[in-house]
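Okay, here's what each chain looks like letter by letter:
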Amino acid sequence: MTSKIRIIILFVFISFTFLTSAQNPIIQTKYTADPAPLVYNDTVFLYTSHDEDNAGPGMGKFLMKDWLLYTSVDMVNWTDHGVVASLKDFTWGNQDNGAWAPQCVARDGKFYLYCPVQGSGIGVLVSNSPYGPFKDPLGRRLIEDDHIWNDIDPTVIIDDDGQAYLYWGNPSLWYVKLNKDMISFSGEVMKVPGVGKEQDQKDPDAYHYQEGPWAYKHNDHYYIAYASTCCPEGIGYAMADKPTGPWDYKGYIMKPNEKSSGNHPGIIDYKGKTYVFGFNFRLNFMITENHHERRSVCVEELNFNPDGTIIELPWWSETGVKPIGQLNPFKRTEAETIAWSQGLKTAKSSNGIYVTAIDNGDYIKVQAVDFGKNVKNFEVTIASLSTDAAIEVHLDSPTGRLLGTLKIKNTGGNDKWASQSCPIKKEAGVHDIYLVFKGTGKDLFSFDWWKFNK
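Please read all numbers here as calculations on a predicted model, not as lab measurements. Sequence positions are assigned chain by chain, starting from 1 and proceeding in written order. Predicted model: local features are reported for residues with pLDDT of at least 70 only, side-chain atom pairs are reported and counted for 80 or more only, and whole-chain, interface and lining totals are derived from all residues. Note: side-chain values were computed over all heavy atoms of the structure, leaving out hydrogens and water.

**Q** Looking at this model, I keep getting lost on the pairing of strand E10 (residues 174-178). Mind explaining?
**A** Regular strands show a simple pattern: their side chains alternate between the two faces of the sheet. Most of E10 sits inside the fold, with four of its five residues counted as buried. Pairing between two strands is assigned when DSSP locates at least 2 bridges connecting them. Helix and strand definitions here come from DSSP, where helices need a minimum of 4 consecutive H or I residues and strands a minimum of 2 consecutive E residues; each element is numbered from the N-terminal end. In this structure, strand E9 (residues 164-168) lies alongside E10, joined through five bridges in antiparallel fashion. Residue Ala164 lies in a different strand from E10, and its bridge partner there is Leu178. Hairpin connection between E9 and E10: a loop of five residues separates the two successive antiparallel strands, and Gly169 in this loop has a positive phi of roughly 125°. Sheet topology places E10 next to strand E11 (residues 185-191); four bridges connect them, and they run antiparallel. Residue Trp174 lies in a different strand from E11, and its bridge partner there is Lys191. Classification of residues uses two cut-offs on accessible area relative to the type maximum, computed with a 1.4 Å probe and protein chains only: under 20% is buried, over 50% is exposed, and between them is partly exposed.

Printed below as a string of structure tokens:
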């Protein structure tokens, strides 16, 4: 075997391994950024900003019109719930661009979504459900100060005594005490001293505050994580004994990386572990060498030293985090519940969110599926005009053991939904499943949900 052939085989193996083992970024059907996780009723609600597919090439050319929502109960399979709010919900703000980093917090049965409308200020939306719909109770921006262009990246923490604090800002860090109604505040807007341009600049590689603060409490320690320096931006953090500081700047959670011009942390405790979210540009660079502001949310497990300081992480891994628990395949699973996918998009109809843009060779990976015993068939709901399309069910890789093949029947239209099924070979244990799509032509069918039957 020649060295050239060995190199080609190695390249194919590495590419295949990446595609089948990749877990970061955690969303592949859309470009997502500025992750804001919320733990509620044993579920992680992940609110994100949304970079449009047609964001132009070049640094700073953001095109952002709405905010998205994803949920997970195992940290690896994420269900797409589509647009949860948009610029149109703020009649007082920019309408064509500027839906920057949000955060949602829960209090007394209501959910408060704090949103920066870049160039117009920070607003707040309220809902009775974490899924929305969200409404603007004020009809104006929440923060009425002279820093409109710098009033971005809001983050909120509710302390143990019930007092809520709102932080925000680039290049300085500001905070104010929120009232219990969460849509007004009392007292003076305070500037945190010693950050941003005022921070010690003797070390050009230091972890200076830039933007994107995230307020978080773990044990008895208060943290502000943030996008540091610029550019590229890493994730730095500061610690304090109370939410008003003073803040002691500790170091990096993650050092800057030339592959990513920006960053934005979100941190949660969930099922006994701590996770930090952020983003990279991996999906963009899988398509083009040119930089577009088209980002992709990632997640890693976070650990602490005995004194509460954070153990520094390397740059976002490709493998991401391990699943917590298993998915029950005998209950209806939305097609848009995805650990990894190739070539797909999601859209919304009167039927809800569904998977679309399905072409030959595309697939969905769902991780840690517990088959139990006595699997008999595989059932889906789809809509299709195709006369040559199929779903192959594989275990543990796109070419792993084939459990069955569902030949898709024409339903009479891409909006005509019908249930179809096929026999499945018996299987037991916990596996990753790959739903691999086959057929001729483009946009083979639309895919709503699936389940296995005993």
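**Q** What should I look at first to understand the sheet that holds strand E4 (residues 78-86) in this one?
**A** Backbone hydrogen bonds are what pair the strands of a sheet, in a parallel or an antiparallel way. Strand order across the open sheet formed by five strands is E1-E2-E3-E4-E20, with antiparallel pairing between neighbours. Of all strands in the sheet, those with a lone pairing partner are strand E1 (31-40) and strand E20 (337-338), marking the two edges. Summarising the sheet, strand E3 (residues 66-72) and E4 pair through five bridges and their orientation is antiparallel. Counted as the bridge partner of Trp67 is Ala85 from E4.

**Q** Sorry, what's going on with the layout of surface pockets here?
**A** With a probe scaled to a water molecule rolled over the atoms, the places where space remains empty come into view. Grid spacing is 1 Å over the protein atoms alone, the probe is 1.4 Å, and a cavity is where that probe fits but cannot get out, while a pocket is an open set with protein on both sides within 12 Å along at least five of seven lines and lining residues have an atom within 4 Å of a point. Grid points are joined across faces, edges and corners, and a volume is the space filled by probe spheres set on the points. Space inside the largest pocket adds up to approximately 450 Å³. Looking at the largest pocket, it is lined by 23 residues, and the ones nearest its centre are Ser72, Val73, Thr79, Leu327 and Thr337. Counting residues per element, the ones that place at least two in the lining of the largest pocket are strand E2 (43-51), E3, E4 and strand E19 (333-334). Each residue gets one label: Ala, Val, Leu, Ile, Met, Phe, Trp, Tyr, Cys and Pro are nonpolar, Asp, Glu, Lys and Arg are charged, and the others, such as Gly, are polar. Broken down by class, the residue content of the lining of the largest pocket amounts to six nonpolar, 12 polar and five charged.

**Q** Please clarify how the pairing of strand E29 (residues 430-439) should be interpreted in this entry.
**A** Counting buried residues along E29, eight of its 10 residues qualify, which places the element largely inside the surrounding structure. Two elements, strand E24 (residues 363-370) and E29, share six bridges in a ladder whose sense is antiparallel. Within the sheet, the bridge partner assigned to Asp370 lies in E29 and is Val430. By the bridge criterion, seven bridges tie strand E26 (residues 389-395) to E29 in an arrangement that is antiparallel. Bridging across to E29, His394 finds its partner in Tyr434.

**Q** For this particular structure, what's the right way to read the packing of aromatic side chains?
**A** The geometry of an aromatic ring pair is captured by the separation of the ring centres together with the interplanar angle, meaning the angle of the planes. To pair, rings of Phe, Tyr and Trp, with the six-membered ring standing in for Trp, must have centres within 6.5 Å; the planes then decide the type, stacked if under 30 degrees apart, edge-to-face if over 60, and tilted in the middle. A complete count under the given rule lists 25 aromatic pairs for this structure. With 6.3 Å between their ring centres and 40° between their planes, Phe281 and Phe285 make a pair best called tilted. Judged by relative accessible area, Phe285 falls into the partly exposed class, the value being 34%. An angle of 70° between the planes, with centres 6.4 Å apart, marks the rings of Phe445 and Phe447 as edge-to-face. The burial state of Phe445 is the same as that of Phe447; both residues are buried. Joined through ring pairs, the aromatic side chains of Tyr40, Phe45, Phe111 and Tyr131 make up one cluster. Either the NZ atom of lysine or the CZ atom of arginine qualifies as a charge over a ring when it sits within 6 Å of the ring centre and within 35 degrees of the ring normal. Here the basic side chain of Arg295 rests over the ring of Phe279, its NZ or CZ set 5.1 Å away from the ring centre.

**Q** Looking at this structure, I do not really get the environment of Val355. What am I missing?
**A** Looking at the element boundaries, Val355 is found in strand E23 (residues 352-356). Under the relative-accessibility criterion, Val355 is labelled buried at 0%. Spatially, the C-alpha atoms of Val355 and Ile152 are 33 Å apart, while their sequence positions differ by 203 residues. If near-sequence neighbours (up to four positions away) are discounted, Val355 is found in contact with Ala335, Glu336, Leu344, Lys345, Thr346, Ile364, Phe445, Ser446 and Phe447. In what follows, a contact means two residues having at least one pair of non-hydrogen atoms within 4.5 Å.

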